[in-house]
Amino acid sequence: MRVSRRALILGAGALGLSGALPLRRSYADPPSREYQIAAESATVNLTGDGYPDTAVWAYEGTVPGPELRMRRGQPVRITVVNKLGEDTTVHWHGIRLPNAMDGVPGLTQKPIQPGASFVYEFTPPDAGTFWYHPHVDTLQQLGRGLAGALIVEEPEPVAVDRDLLWLIEDWRLDDRGRIAGAFGNRMEAGMSGRIGNTVTINGRVAEKVSAKAGERVRLRLVNAALARIVGLRFEGHKPVVVAHDGQPCDPHTPEGGRVVLGPAMRADLILDMTGKPGQTYRVIDDFYQDLAYKLVDLAYDGKPGSEPRSDAPPKLPANPLPEPDLTSAERHEITLQGGMMGGMGMGISGTGMMDHGGATWAMNGMSMTGDGQPKMPPLFMIKRGKSCVLAVKNETAWWHPMHLHGHSFRVISRNGKPNPIREWRDTVLLPARETAEIAFVADHRGDWMFHCHVTDHQEAGMMTVIRIA
């Protein structure tokens, strides 16, 4: 894969994240929040001064879309207006909400037609870092910029000096700054998916983030890429993970010092700024062998800071997740199949067709292509309130971030070994030829999608439905 100078150097524009957010000292009872966002065409500058602007699809004309903030347990009403020339919906990724609000076309709602609107209403039960994106023509709509962060705040403020969000997107741009076409390339769909040549943070190729010695930062990471997996190393710093996919975990340093996020995955980090005034430290993405690049610099101002924090990073308050009963749980096995070098080849027959041909991927021998279809047959059914363990086996040669709609699950084992960390997620990243066991309580009735969040893989067949009745 050729990576452009723009992607490797990322040398345009400082990132406007240096302003501290005010700490909230107290909260009143949460009133209902209302938002209106429009999906529309827009023109933005992704790559900085001296580089051409890019025509995108965006929420409210910005990339990423507006940051939606609310409190845990606060009712929210979001009106989505479709100003595109095609249908759309919005999926509120990671939120445990009613099935009718999940945003899957044909399965949970009718698509929002051009010129129409739809009102999503739900009360988020969990605090954490979530995001929103379309679920119609997802490969193109997400790939052209439709994504935004949804932050649900804790009942009490977390003791940090700054609360920062990095929403990471991956773009494929040509030399004129235009988004390259050929979405749904079948060869890419059978491998790692559509990986771009330009990476942005909060809609901009980033040169630096201002830092102050001694401060403690809560850094919210969202991987909103179509297919790119990121593996971030913070030179000279020791990030501590305090949440996965919006759900708090025991604070711990990431394995090997690198924060790995597949598409759709999030992590909340506590980053103590232990660098020296006037110095610069790189944040490197080296997930792909021989394709490491600098994502951004942490640039310290020249002023003396406070002494480094000696107290332990704060542990986030737990969310009210139902604990699965592993002794009585139903067990189901799901095998991921297909793709190039995956043993099934191309052209698997499935329940739907992509414009460029049939399915490439399957789950338990069954393929569902596209973004969601009426009367999608469930892979299995489980009674509401029942605990469930899914043993997911990746028989393919490629990585898959597997996302379950409407639920958070515990990752209880990998490759037959118990997970040493108690972690809840809504998306589990499965390397090639590996397995994972996840457990959850089926506490929301309806048909829920379970799919790979490498969007090419989902649209080419790696998608199914779990019915809770």
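Because the structure is predicted, anything quoted here is derived from the model rather than measured.

Visitor: Quick question: what am I supposed to make of the overall build of the protein here?
Guide: Of regular secondary structure, the protein possesses 4 helices and 31 strands. Relative to a compact globule of 469 residues, whose C-alpha radius of gyration would be 23 Å, the protein shows 21 Å and is just as compact. Counting only C-alpha atoms, the protein reaches 65 × 55 × 45 Å along its principal axes. Across the 469 residues of the protein, 60% fall into the buried class. Surface accessibility of the protein: about 18,100 Å² in total, with carbon and sulfur atoms responsible for 49%.

Visitor: Is there a simple way to explain the pattern of salt bridges in this structure?
Guide: Where charged atoms of side chains with opposite charge meet at close range, the side chains can pair. Within this structure, the stated rule accounts for 30 salt bridges. Residue D163 pairs with R220 through a salt bridge whose shortest N-O separation is 2.9 Å. Of this pair, D163 sits in strand β9 (residues 162-171) while R220 sits in strand β12 (residues 216-223), and the two are 57 residues apart along the sequence. Comparing D163 with R220, the two get one shared label, buried. Salt-bridge contacts for R233 lead to D286; the nearest nitrogen and oxygen are separated by 2.7 Å. Of this pair, R233 sits in strand β13 (residues 230-234) while D286 is found in the loop between β18 (280-285) and β19 (293-300), placing the two residues 53 residues apart along the sequence. One salt-bridge network, held together by shared partners, links E67, R69, E153, E154, D163, R218, R220 and D268.

Visitor: I tried to follow the pairing of strand β31 (residues 463-468) on my own but got confused; where do I start?
Guide: The two faces of the sheet receive side chains in turn, since in a regular strand these alternate between them. Counting buried residues in β31 gives 5 out of 6 residues, a clear majority hidden from the surface. In terms of strand pairing, strand β22 (residues 380-382) meets β31 through 3 bridges, oriented parallel. In the sheet register, F380 faces β31, and the bridge partner there is I466. Bridging between strand β30 (residues 446-452) and β31 involves 6 bridges; their strand directions are antiparallel. What sits directly across from W448, in β31, is I466.

Visitor: Can you walk me through the nonpolar core in this structure?
Guide: When a protein is soluble and globular, its nonpolar side chains tend to lie buried together. Grouped together as the largest cluster of nonpolar side chains are 56 residues, with contacts concentrated most on I78, W92, F122, L150, L390 and M402. Judged by nonpolar contacts, the second largest core, of 34 residues, contains I168, I201, L221 and L232.

Visitor: Even after reading the chapter, I still don't get unusual backbone geometry, so can you show me in this structure?
Guide: Glycine aside, the phi torsion of most residues is negative, and most peptide linkages are trans. Note that the residue after V63, namely P64, is joined by a cis bond; omega there is -10°. Here P64 lies in the loop between β2 (54-59) and β3 (68-71). Positive phi outside glycine occurs at D290, with the angle close to 70°. You can see D290 is positioned in the loop between β18 and β19. Positive phi values are uncommon outside glycine, yet N415 reaches one of about 50°. Topologically, N415 is positioned in the loop between β25 (409-414) and β26 (417-418). Overall, the relative accessible area of 41% leaves N415 in the partly exposed class.

Visitor: I'm lost on the side chain of H133 in this one. Help?
Guide: Along the chain, H133 turns up in strand β7 (residues 128-133). On the basis of relative accessibility, which here comes to 0%, the residue H133 falls in the buried class.

Visitor: Explain the pairing of β30 here, please?
Guide: With 7 of 7 residues buried, β30 is to be regarded as a mostly interior element. Bridge count between strand β24 (residues 400-404) and β30: 3 bridges; the pairing is antiparallel. By the bridge assignment, L404 is partnered in β30 with F450.

Visitor: Sorry, what's going on with the state of the cysteines here?
Guide: As used here, a disulfide is simply a covalent bond connecting the sulfur atoms of two cysteines. Inspection of the entire model under this criterion finds 0 disulfides. Left unpaired, C388 is separated from the closest cysteine sulfur, that of C452, by 19 Å.

Visitor: Help me out: how do you make sense of the environment of G370 in this one?
Guide: For G370, the position within the fold is in the loop between β21 (361-363) and β22. Setting aside its immediate chain neighbours within four residues, G370 contacts Q458, E459 and M463.

Rules and cut-offs
Residues numbered from 1 in each chain as written. Predicted model: local features only at pLDDT ≥ 70, side-chain atom pairs only at ≥ 80, totals over all residues. Heavy atoms only, no water. Helix = DSSP H or I, 4+ residues; strand = E, 2+ residues; numbered from the N terminus. Rg over C-alpha atoms; globule rule 2.2 N^0.38 Å. Buried < 20%, exposed > 50% of the residue type's maximum accessible area, 1.4 Å probe, protein only. Areas by Shrake-Rupley, 256 points an atom, 1.4 Å probe, with all protein chains shown as cover. Salt bridge = Lys/Arg side-chain N within 4 Å of Asp/Glu carboxyl O. Pairing = 2+ DSSP bridges. Core = buried A, V, L, I, M, F, W, Y, C linked by side-chain atoms within 4.5 Å. Disulfide = S-S within 2.5 Å. Contact = heavy atoms within 4.5 Å.

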